[in-house]
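Below are the chains, spelled out letter by letter.
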Amino acid sequence: MPTSSDMTTQLDTNVLDALQHQVALFARRAEQTRLGGIGSARNSMDRAAYLLLNRLDQEGPMGVKALAAGMGIDSSTVTRQVAPLVDSGMVKRTSHPEDGRAVVLQLSPRGKARLEEVRSSRRDLMALVTEEWTSDERDVFCELLTRFNTALSAVHSALPQAAPAS
């Protein structure tokens with residue numbers, strides 16, 4: 001099986017260098033703008049909240065462990081990130097119908113409305129950024145970015161996790 005360095009020499013080093021630079025630049029630009037959309041909802045919801053609300057909207061009510069597993073993060077991180085969403089009324093905590101001790105998280109009507117406001121603002125930003133692109137170019141970019149994110153997630157999941165600092 002080829003090693004990582006063997007794979008790098010087999011691929012075009014210039015393209016890989018350009019790709020890693022563009023990904024780093026994208027990460028910085030995304031953090032600078034937080035890809036927060038345009039208009040009144042611009043930068044009004046942080047990335048963690050957006051991703052949590054979006055997942056609950058797409059997949060429905062679920063427990064903390066399922067939400068954490070689906071997002072590839074620790075349950076304690078989800079618990080910490082969801083607390084302000086519960087406090088603000090965007091997420092409801094309910095008891096599991098079959099196990100009253102378990103907590104189920106559910107998007108509230110307020111959360112659904114707020115999420116749609118932010119989605120709309122972010123859609124407007126994506127339309128503005130890609131206004132000179134063809135529909136096919138948008139489709140291909142979305143497909144490739146999805147593929148890239150999926151592969152990156154798989155690599156991250158396969159890497160050994162760092163031991164906690166003592």
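Further up the page is the structure itself.
Residues numbered from 1 in each chain as written. Predicted model: local features only at pLDDT ≥ 70, side-chain atom pairs only at ≥ 80, totals over all residues. Heavy atoms only, no water.

S.K.: Quick one: what's the story with the packing of helix H3 (residues 47-59) against helix H4 (residues 64-71), residue by residue and with numbers?
M.R.: At a minimum axis distance of 11 Å, the contact between H3 and H4 shows a crossing angle of 110°. As judged from the angle between their axes, H3 and H4 are roughly perpendicular. In terms of crossing hand, the pair formed by H3 and H4 is right-handed. Contacts from Leu 51, Leu 52, Arg 55 and Leu 56 of H3 reach H4 at Leu 67, Gly 70 and Met 71. Partitioning the contact of H3 with H4 into residue classes produces five nonpolar, one polar and one charged. (Axes fitted to C-alpha atoms, helices over the stretch in contact; angles between N-to-C directions. Helix = DSSP H or I, 4+ residues; strand = E, 2+ residues; numbered from the N terminus. Parallel < 35°, antiparallel > 145°, perpendicular 65-115°, else oblique. Left-handed = near helix turned anticlockwise from the far one by under 90°. Contact = heavy atoms within 4.5 Å. Nonpolar A, V, L, I, M, F, W, Y, C, P; charged D, E, K, R; others polar.)

S.K.: Summarise the pattern of salt bridges; cite the residues concerned and give the values.
M.R.: Across all of its chains, the model carries six salt bridges by this definition. In this structure, Lys 112 engages Asp 57 in a salt bridge whose closest nitrogen and oxygen atoms are separated by 2.6 Å. Of this pair, Lys 112 sits in helix H6 (residues 109-129) while Asp 57 sits in helix H3; the two residues are 55 residues apart in sequence, bridging distant segments of the chain. Residue classification places Lys 112 among the partly exposed positions, given a relative accessible area of 43%. A salt bridge links Glu 116 to Arg 119, with the nearest nitrogen and oxygen atoms 3.8 Å apart. (Salt bridge = Lys/Arg side-chain N within 4 Å of Asp/Glu carboxyl O. Buried < 20%, exposed > 50% of the residue type's maximum accessible area, 1.4 Å probe, protein only.)

S.K.: Account for the nonpolar core, with residues named and values stated.
M.R.: Ranked by internal contacts, the top residues of the largest apolar core, which has 19 residues, are Met 45, Leu 53, Leu 56, Leu 67, Leu 85, Val 91 and Leu 105. Contributions of two or more residues to this core are made by H3, H4, helix H5 (75-87), strand S3 (103-107) and H6. Per element, the largest residue contribution to this core is five residues, and it comes from H3. Not counting chain neighbours up to four residues away, the residues in contact with Leu 105 comprise Leu 56, Pro 61, Met 62, Val 64, Leu 67, Val 82, Val 91, Lys 92 and Arg 93. (Core = buried A, V, L, I, M, F, W, Y, C linked by side-chain atoms within 4.5 Å.)

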